[in-house]
Amino acid sequence: MTPNGSFRTKSDTWERAMNLAELNKVAEAMTAPGKGILAADESTGTIKKRFDAISVECTEDNRRDYREMMFRAAEGMKHISGVILYDETIWQKAKDGTPLVDIIKKAGSIPGIKVDEGTKPLPECPGELITVGLDKLADRLTKYYDQSARFAKWRAVIDIGGGIPTATAIHTNTHALARYAALCQAAQIVPIVEPEVLMDGDHDIDRCFEVTTAVLKAQFEELYRQRVALEGIVLKPNMAISGKKNGKRAGVEEVAEKTVRMLKNCVPGAVPGIAFLSGGQSDEEATAHLDTMNKIGNLPWNLTFSYGRALQHAPQKAWSGKSENVAAAQRVFAHRARMNGLAALGQWKQDLEKKAA
Ligand code: 5MM
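Notes on the structure in this doc start here. (Residues numbered from 1 in each chain as written. Predicted model: local features only at pLDDT ≥ 70, side-chain atom pairs only at ≥ 80, totals over all residues. Heavy atoms only, no water.)

1. A look at the overall build of the chain
Consideration 1: Within the chain, the regular secondary structure consists of 14 helices and ten strands.
Consideration 2: In terms of C-alpha radius of gyration, the chain reaches 20 Å, essentially the compact-globule figure of 21 Å for 357 residues.
Consideration 3: On the principal axes, the C-alpha backbone points of the chain span a range of 60 × 50 × 40 Å.
Consideration 4: Counting only residues that meet the buried cut, the chain has 54% of its 357 residues in that class.
Consideration 5: Partitioning the intrachain contacts of the chain with sequence separation of at least 6 by distance along the chain shows that 78% fall at a separation of at least 24. (Helix = DSSP H or I, 4+ residues; strand = E, 2+ residues; numbered from the N terminus. Rg over C-alpha atoms; globule rule 2.2 N^0.38 Å. Buried < 20%, exposed > 50% of the residue type's maximum accessible area, 1.4 Å probe, protein only. Contact = heavy atoms within 4.5 Å.)

Shown next, in the form of structure tokens:
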């Protein structure tokens, strides 16, 4: 019986099972042991901020060159199961005319696409946001599938502060995420479900644990109500972590232990994999946290990374918009990807960072 009390027909059930087997295969590949996801889906405004920091002009060609540099980094891409792209990038061609998605596929990685259209203020909820982009999403997904996207991403943003998050923000955002996920699965695309609780405030780790728990419980309730098959999704959560402005931030062991406890309480074992966002953690911090969780072991899902900033900070700086820096930037990217690949296996050691330095 479905959550609203109606029954499926036999042929519905068979077709769905076939589709689900395919979705599950992709979700397993996205979170395969020792590999993780590169979040390279910065919208134009965000990549401009990153380029401003390295004094690079934010032109279409520079955005292409920068991303091409990473996708052609063979050593780094060995540890990258999938790449989340922005709309501009999925249609772009490399300097030599090869579609960027073909370069990604040749590297053994799966192209994915960010399909949310950013955030807007949530009415009657000061300081809170709702992620938009559901209108016409079904049509857009078909086009992205034809352009090789086998997974998608939608990010909801939940902030912690005085009196927030409200139940309204949690409900509307998790509801929209579930609607997106259902549309993706109908289009044979694996949805990355990303309900991000921000680490920007001065809250402590226990407040983050409490809010993230409420968000994840609401998220799985919504996914169930909207008939999303858990075997065909990847969850992209934040860790249970202290706010950046908290004076007494929790250490690596505490973050790992509390995050694993929180996820075990909220995420059904049917979910094939969980791929964390880095959320503003330092590169090494994000690696150490993931590694320590995998060292705890005995987890019902694959636990890996889907990092944006924590994978790109260092190579961005090394590249700095200069073609003569491409090889060096690729080495830096390969190092970060390898470190996170090891962390996804619980085999990272801090010494490896020192040696590279
Ligand atoms: C790479 O950044 C993504 C896009 O952000 P905008 O839509 O604001 O341009 C972002 O959604 C990212 O995929 C996740 O937040 C994870 O990235 P971090 O940097 O937190 O690991």
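2. Topic: the site of the ligand
Consideration 1: Every one of the 17 residues lining the ligand counts as a neighbour, but Ser 43, Thr 46, Lys 114, Lys 153 and Ser 278 are closest to it.
Consideration 2: With respect to the ligand, the side chain of Thr 46 contributes an N or O atom lying 2.6 Å from an oxygen atom.
Consideration 3: Between the ligand and Glu 194 there is a distance of 3.2 Å, counted from an oxygen atom to a side-chain nitrogen or oxygen.
Consideration 4: If the ligand stood free it would expose 500 Å²; the protein chains cover 89% of that surface.
Consideration 5: Those elements that provide at least two residues to the shell around the ligand are strand 6 (151-158) and strand 7 (190-197).
Consideration 6: Taken together, the residues that form the shell around the ligand break down as three nonpolar, five polar and nine charged. (Near = heavy atom within 4 Å. Polar contact = N/O pair within 3.5 Å; in protein donor to acceptor, adjacent residues only side chain to side chain. Areas by Shrake-Rupley, 256 points an atom, 1.4 Å probe, with all protein chains shown as cover. Nonpolar A, V, L, I, M, F, W, Y, C, P; charged D, E, K, R; others polar.)

3. What to know about unusual backbone geometry
Consideration 1: The peptide bond linking Ile 164 to Pro 165 adopts the cis configuration, its omega dihedral lying at 10 degrees.
Consideration 2: Positive phi, close to 90 degrees, is recorded for Ser 148, a residue that is not glycine.
Consideration 3: Unlike most non-glycine residues, Ser 320 shows phi in positive territory, near 50 degrees.
Consideration 4: Of note, Ser 320 is situated in the loop between helix 12 (309-319) and helix 13 (326-343).

4. Topic: the packing of aromatic side chains
Consideration 1: Counted under the stated rule, the structure contains six aromatic pairs.
Consideration 2: Consider the rings of Phe 51 and Tyr 66, whose centres lie 5.7 Å apart with planes at 85 degrees: the pair is edge-to-face. Taken together, the positions of Phe 51 in helix 2 (residues 44-53) and Tyr 66 in helix 3 (residues 60-71) put the pair 15 residues apart, joining distant regions of the chain. For the pair Phe 51 and Tyr 66, a shared accessibility class is recorded, and that class is buried.
Consideration 3: Taken together, the ring pairs connect Phe 51, Tyr 66 and Trp 319 into an aromatic cluster.
Consideration 4: In this structure, Arg 150 is placed above the aromatic ring of Tyr 145, and the distance from its NZ or CZ to the ring centre is 3.6 Å. (Phe/Tyr/Trp six-rings, centres within 6.5 Å; stacked < 30°, edge-to-face > 60°. Lys NZ or Arg CZ within 6 Å of the ring centre and 35° of its normal.)

5. Some details on the side chain of Lys 258
Consideration 1: Secondary-structure assignment places Lys 258 in helix 10 (residues 252-266).
Consideration 2: Taking relative accessible area as the criterion, Lys 258 reaches 12% and is therefore assigned buried.
Consideration 3: Side chain to side chain, Lys 258 and Glu 254 meet in a polar contact 2.6 Å long.

6. Here's the deal with the pairing of strand 9 (residues 273-276)
Consideration 1: The side-chain alternation of strand 9 yields two buried faces, one formed by Gly 273 and Ala 275 and the other by Ile 274 and Phe 276.
Consideration 2: Note: strand 8 (residues 234-235) against strand 9, two bridges, orientation parallel. Residue Leu 235 lies in a different strand from strand 9, and its bridge partner there is Ile 274.
Consideration 3: Read from strand 8 through helix 10 to strand 9, the crossover connection turns out right-handed. (Pairing = 2+ DSSP bridges. Right-handed = clockwise from strand over helix to strand, strands pointing away.)

7. Some details on the side chain of Lys 153
Consideration 1: Mapped onto the secondary structure, Lys 153 falls in strand 6.
Consideration 2: On the basis of relative accessible area, Lys 153 is assigned to the buried category, the value being 5%.
Consideration 3: Within the structure, Lys 153 has its side chain in polar contact with the side chain of Glu 194 (distance 3.4 Å).
Consideration 4: For Lys 153, the residues in contact, after removing those within four places along its chain, are Asp 41, Ile 84, Ile 113, Lys 114, Val 115, Asp 116, Tyr 180, Ile 192, Glu 194 and Lys 236.

8. As for the sheet that holds strand 1 (residues 36-40)
Consideration 1: Around the barrel, which closes on itself, the eight strands sit in the order 1-2-3-6-7-8-9-10 with parallel pairing between neighbours.
Consideration 2: Here strand 1 pairs with strand 10 (residues 302-307) via two bridges, running parallel. Bridge pairing in strand 10 places Ile 37 opposite Ser 306.
Consideration 3: Helix 3 rests against strand 1 and strand 2 (80-85) of the sheet, and its axis sits at about 170 degrees to strand 1.
Consideration 4: On the sheet, helix 12 packs against strand 1, strand 2 and strand 10 and is oriented at approximately 65 degrees with respect to strand 1. (Axes fitted to C-alpha atoms, helices over the stretch in contact; angles between N-to-C directions.)

9. Some points on the packing of helix 10 against helix 11 (residues 283-296)
Consideration 1: Orientation of helix 10 relative to helix 11, taken along the N-to-C sense of each, is 60 degrees, at an axis distance of 9 Å. By the angle between their directions, the pair helix 10 and helix 11 is classed as oblique. The two elements helix 10 and helix 11 cross, and the hand of that crossing is right-handed. Across from Val 252, Glu 253, Val 255, Ala 256, Glu 257, Thr 259 and Val 260 in helix 10, the residues of helix 11 making contact are Ala 288, His 289, Thr 292, Met 293 and Ile 296.
Consideration 2: Grouping the amino acids of the contact of helix 10 with helix 11 by side-chain chemistry returns seven nonpolar, three polar and two charged. (Parallel < 35°, antiparallel > 145°, perpendicular 65-115°, else oblique. Left-handed = near helix turned anticlockwise from the far one by under 90°.)

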